[in-house]
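What the coordinates show
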Amino acid sequence: MQLIDTHVHLNFESFQPDLDAVAQNWREAGVVRLVHSCVEPAEFPRIQALADRFPELSFAVGLHPLDMNQWTPETADQIVQLARSDRRVVAIGETGLDFFKAEDHAIQEAAFQVQLQIARQLNLPVIIHCRDAASRMAELLRRIWTEEGPVAGVMHCWSGTPEETEWFLDLGFYISFSGIVTFKNATQVQESAKLVPSDRILIETDCPFLAPVPKRGERRNQPAYVRFVAEQVARLRQVPLETLATQTTENACRLFHLSLPVADAASPVTVGIG
């Protein structure tokens, strides 16, 4: 069984003392590919170094909506140049809107729209962070889609209602579920996990945040725990874990243009999906 964790932050300090052991854990759990998100372009060299160290790691470049103090007229060009500089860049992001922790809505929206344009320009999917902003996000995307055309992407660490989930499915997005889906009181997220079509669902940890049940008490989440997310989503959808793993892995490969190792191959051949 092969799993893909579609959203990690392994460059955070909490991973530095034992990252080799963390990698061994994810490999033993069946995690064969990971997508490393980017909070700010300044992280890029460190993320590259991690991908040099762990070949199963692909990554994104972008600016998080809670870091708008770093947005300058040069930021867009920097993101474009970095994305073009390394073939392992598979997405733009994470970008989006966060109205829960910040009130600089106008600059968030402007930076988000520019990063969408970059994703379209480079033919890359976009990783979208959306917190307490689903209505405005859907409004912006509908207008942009009408005026400029769609961009492929994923609503990451999704915590919206079933109605909101439908908005973004209608816009063509993938929906990615994190450890939140395992929380007892996350009933709306769990309902959303039931309704996403099988060809549009993804799983992630968003580590080191949001450790899933039964690891909820741990201070640090890690990629190996994406298996607990997969198990919960499989239960909710009433499908075998192996089926859910196959579906989410194929979806991640299709969205991010990833390839998979061939199990038990005599040589390191890879196979692409989609």
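Summary of the structure given here. This structure is a prediction, so every number in the text was calculated from the model and none was measured.

For the rest of this paragraph, the subject is the sheet that holds strand E8 (residues 201–203). Spatially, E1-E2-E3-E4-E5-E6-E7-E8 is the arrangement adopted by the 8 strands of the open sheet, whose pairing is parallel. With partners counted over all chains shown, the strands left at the sheet margins are strand E1 (3–8) and E8, one partner each. Strand-to-strand twist in this sheet, taken as the mean axis angle between neighbours without regard to direction, amounts to 30°. In terms of strand pairing, strand E7 (residues 174–177) meets E8 through 3 bridges, oriented parallel. Within E8, the residue paired with Phe 177 across the bridge is Ile 203. Where helix H5 (residues 134–148) meets the sheet, it contacts strand E4 (89–98), strand E5 (126–131) and strand E6 (153–155), and its direction lies at approximately 140° from that of E5. Helix H9 (residues 241–256) contacts E1, strand E2 (31–36), E4, E5, E6, E7 and E8 of the sheet and is inclined by roughly 95° relative to E8.

Once that is clear, we can look at the nonpolar core. Nonpolar side chains tend toward joint burial in soluble globular proteins. Among the nonpolar cores identified, the biggest contains 81 residues, and Leu 141, Phe 168 and Phe 177 are the most heavily contacted of them. The leading source of residues in this core is H5, at 7 residues. In this view, Leu 141 contacts Phe 112, Leu 116, Ile 128, Phe 168, Leu 171 and Phe 173; residues no more than four positions away in its chain are not counted. Grouped together as the second largest cluster of nonpolar side chains are 16 residues, Ala 91, Leu 202, Cys 253 and Leu 258 included.

This part takes up the packing of aromatic side chains. Applying the stated criterion across every chain, the model contains 6 aromatic pairs. Taking 5.4 Å as the distance between ring centres and 70° as the angle between the ring planes, the aromatic pair formed by Trp 26 and Phe 54 counts as edge-to-face. In this pair, Trp 26 sits in helix H1 (residues 19–28) while Phe 54 sits in the loop between helix H2 (44–53) and strand E3 (57–61), placing the two residues 28 residues apart along the sequence. Just as Trp 26 is buried, Phe 54 falls in that class too. Measuring from ring centre to ring centre gives 5.8 Å for Tyr 225 and Phe 228, while their planes differ by 55°; the resulting arrangement is tilted. Arg 131 extends its terminal NZ or CZ atom over the ring of Phe 100, reaching a point 3.7 Å from the ring centre. The ring centre of Trp 167 lies 5.7 Å from the NZ or CZ of Arg 142, which sits over that ring.

Let us now look at the pattern of salt bridges. Pairing between side chains of opposite charge can happen when their charged atoms approach one another. In the structure shown here, the tally under the stated rule is 13 salt bridges. For the salt bridge of Arg 220 with Asp 18, the shortest nitrogen-to-oxygen distance reads 2.8 Å. Residue Arg 220 is found in the loop between E8 and helix H8 (226–237), and its partner Asp 18 is found in the loop between E1 and H1; the two are separated by 202 residues along the sequence. The exposure class assigned to Asp 18 is partly exposed, which follows from its relative accessible area of 28%. A salt bridge links Glu 148 to Arg 120, with the nearest nitrogen and oxygen atoms 3.2 Å apart. Residue Glu 148 is found in helix H5, and its partner Arg 120 is found in helix H4 (residues 105–122); the two are separated by 28 residues along the sequence.

Take Trp 71: it is sitting in the loop between E3 and helix H3 (75–85). Given the relative accessible area of 18%, Trp 71 is considered buried. Distance in space between the C-alpha atoms of Trp 71 and Arg 216 is 34 Å, their sequence separation being 145 residues. The contact partners of Trp 71, leaving out residues within four places of it in the chain, are Leu 63, Ala 76, Ile 79, Ile 107, Ala 111, Val 114 and Gln 115.

This next bit is on H8. Quick reminder: α-helices carry 3.6 residues per turn. Residues three or four places apart thus point the same way. With 12 residues, H8 extends 16 Å between its outermost C-alpha atoms, agreeing within 8% with the 16 Å of an ideal straight helix rising 1.5 Å per residue. For H8, the full list of buried residues reads Val 226, Val 229, Ala 230, Gln 232, Val 233, Ala 234, Leu 236 and Arg 237. On its buried face, H8 sits against E1, E2, E7, helix H7 (187–195), E8 and H9. Positive backbone phi, approximately 55°, marks Gln 238, located one or two places after H8.

Analysis parameters
Residues numbered from 1 in each chain as written. Predicted model: local features only at pLDDT ≥ 70, side-chain atom pairs only at ≥ 80, totals over all residues. Heavy atoms only, no water. Pairing = 2+ DSSP bridges. Helix = DSSP H or I, 4+ residues; strand = E, 2+ residues; numbered from the N terminus. Axes fitted to C-alpha atoms, helices over the stretch in contact; angles between N-to-C directions. Contact = heavy atoms within 4.5 Å. Core = buried A, V, L, I, M, F, W, Y, C linked by side-chain atoms within 4.5 Å. Buried < 20%, exposed > 50% of the residue type's maximum accessible area, 1.4 Å probe, protein only. Phe/Tyr/Trp six-rings, centres within 6.5 Å; stacked < 30°, edge-to-face > 60°. Lys NZ or Arg CZ within 6 Å of the ring centre and 35° of its normal. Salt bridge = Lys/Arg side-chain N within 4 Å of Asp/Glu carboxyl O. Expected span 1.5 Å × (residues − 1).

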